[in-house]
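Understanding the architecture of this molecule
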Amino acid sequence: MAKNELDLEAEQFLDRVSANVVNARKAKGFSQLQLATEMGYKSASYLGRIEIRSDGQHFHLAQLYKIAKILQIDIADLLKTH
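Right, let's get into the pattern of salt bridges. Per the stated rule, a full pass over the model turns up four salt bridges. A salt bridge links R53 to E11, with the shortest nitrogen-to-oxygen separation between them at 2.5 Å. Here E11 lies in helix α1 (residues 5-27) and R53 lies in the loop between α3 (45-51) and α4 (61-71), a separation of 42 residues in the sequence. According to the relative accessible area criterion, R53 is buried, its value standing at 11%.

The next subject is helix α2 (residues 32-39). Within the span of α2, buried status applies to L35, A36 and M39. Along the axis of α2, the buried residues cluster in a sector spanning 100 degrees; they form a single face. On its buried face, α2 sits against α1, α3 and α4. One or two steps after α2, the chain reaches G40, where phi turns positive at roughly 100 degrees.

Parameters at a glance
- Residues numbered from 1 in each chain as written.
- Predicted model: local features only at pLDDT ≥ 70, side-chain atom pairs only at ≥ 80, totals over all residues.
- Heavy atoms only, no water.
- Salt bridge = Lys/Arg side-chain N within 4 Å of Asp/Glu carboxyl O.
- Helix = DSSP H or I, 4+ residues; strand = E, 2+ residues; numbered from the N terminus.
- Buried < 20%, exposed > 50% of the residue type's maximum accessible area, 1.4 Å probe, protein only.
- Arc of directions from axis to C-beta.
- Contact = heavy atoms within 4.5 Å.

Printed below as a string of C-alpha cells:
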C-alpha cells in the first residue's frame, strides 16, 4: 500500500523532530546516555533508535516534554519544521 502525500508529510515531520532533538541535545552538551539517563532509561540504545527513527520509531509527546525540561528549552523548538 502506497503512502499518500499526508502520510509522507507526517513522516518528514517526525524526521525533523528527531533531528531537532539531536541538534538540541548536542547544543546543550548532552550525550545520548546522559539524556537517556535523565529521562529514566538505563541505556542510550532506546533513545538512539528513536533519534535515527529506526523501524519507524518516533518521540512521543511525553518524551518531548521531558527532553525540553531536561535541556531547558521550549518544547516548540523541538517541533519546528524549518
